[in-house]
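# Overview (structure and organization)
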Amino acid sequence: MTRILLEHLDESIALELNIARLYTLFHDLFEDDQDFWWQLAAEERNHAALLQHEKKNTSTAIVPEHLLAKDMEALKAANKGIADLLERYSGTRPTREEAFRTAFTLENSIGEVHYQEFMDRKSDSLSDELFKQLNQEDKDHANRIKHYMKQCGIPDREYI
């Protein structure tokens, strides 16, 4: 496994874990939506665990070619942005609408969109197909967030 691939894996793992931390914070802040946020956080941790597994098995790892975003700087910027959000929201509670808007925006960000595009595209290899099968239930967070907001009567603004 190349150094560049390892760096991308590390940054991608960090992104998944940071998003899971943010969703866990939302779980703790919004009692009415606890189950929803907990499920999303668990799925983000699952994404990170699968990437960590690939990293640990460097001699046999078959990371699907198109799974990771290619833009390392964008991944780093996304991770910094989430760290900033965690710090801000830990000190100043967001509104419920702001939490959902933030989550929706994150799910349409570089790392998460890349993940969704990978899950939606036709498999090129056995490793692609195996990874997709392991993650079938953990996809399309942006649409699930939008649908949940609609169910709960949270205003549907331009960002959605």
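Heads up: these notes are all about the structure in this document.

## A closer look at the overall build of the chain
The secondary structure content of the chain amounts to 7 helices and 0 strands. Starting at the N terminus and ending at the C terminus, the chain contains elements arranged as α-α-α-α-α-α-α. In the chain, which comprises 160 residues, the proportion classed as buried is 45%. Intrachain contacts of the chain at a sequence separation of at least 6 include 75% that bridge at least 24 residues. Accessible area for the chain stands at about 8800 Å²; split by element, carbon and sulfur atoms hold 51% of it.

## Digging into the packing of helix H1 (residues 3-29) against helix H2 (residues 34-56)
Two elements in contact, H1 and H2, have axes whose closest approach is 8 Å; the angle formed by their N-to-C orientations is 165°. Looking at the two axes, H1 sits roughly antiparallel to H2. Helix-helix and strand crossings are classified by hand; for H1 and H2 the assignment is left-handed. Looking at the contact of H1 with H2, its residues break down into 14 nonpolar, 6 polar and 5 charged.

## Looking at the nonpolar core
Counting residues in each nonpolar core, the largest one holds 28 residues, and the members touching the most others are Leu22, Tyr23, Phe26, Phe36, Trp37, Phe100 and Ile145. Among the elements of the structure, H1, H2, helix H3 (72-91), helix H4 (96-107) and helix H7 (141-152) are those that each provide at least two residues to this core. Top element by residues in this core is H1. It accounts for 7 residues. When neighbours within four sequence positions are excluded, Phe26 is seen to be in contact with Trp37, Tyr89, Pro94, Ala99 and Thr102.

## Observations regarding the pattern of salt bridges
Pairing is possible between side chains of opposite charge, provided their charged atoms come close. Across all of its chains, the model carries 4 salt bridges by this definition. The partner of Arg144 in a salt bridge is Glu43, and the shortest N-O contact between them spans 2.8 Å. Separated by 101 residues along the polypeptide, Arg144 in helix H7 and Glu43 in helix H2 bring together distant segments of the chain. Accessibility expressed as a relative area gives 26% for Arg144, which makes it partly exposed.

## A look at the packing of H4 against H7
Viewed as axis vectors pointing N to C, H4 and H7 meet at an angle of 160°, and their least axial separation amounts to 8 Å. Comparing their axes, H7 and H4 come out roughly antiparallel. Pair H4 / H7 crosses with left-handed handedness. Between H4, through Arg96, Phe100, Ala103, Phe104 and Glu107, and H7, the contact on the second element is made entirely by His141, Ala142, Ile145, Lys146, Tyr148, Met149 and Cys152. Of the residues belonging to the contact of H4 with H7, the class tally is 8 nonpolar, 1 polar and 3 charged.

About the thresholds
Residues numbered from 1 in each chain as written. Predicted model: local features only at pLDDT ≥ 70, side-chain atom pairs only at ≥ 80, totals over all residues. Heavy atoms only, no water. Helix = DSSP H or I, 4+ residues; strand = E, 2+ residues; numbered from the N terminus. Buried < 20%, exposed > 50% of the residue type's maximum accessible area, 1.4 Å probe, protein only. Contact = heavy atoms within 4.5 Å. Areas by Shrake-Rupley, 256 points an atom, 1.4 Å probe, with all protein chains shown as cover. Axes fitted to C-alpha atoms, helices over the stretch in contact; angles between N-to-C directions. Parallel < 35°, antiparallel > 145°, perpendicular 65-115°, else oblique. Left-handed = near helix turned anticlockwise from the far one by under 90°. Nonpolar A, V, L, I, M, F, W, Y, C, P; charged D, E, K, R; others polar. Core = buried A, V, L, I, M, F, W, Y, C linked by side-chain atoms within 4.5 Å. Salt bridge = Lys/Arg side-chain N within 4 Å of Asp/Glu carboxyl O.

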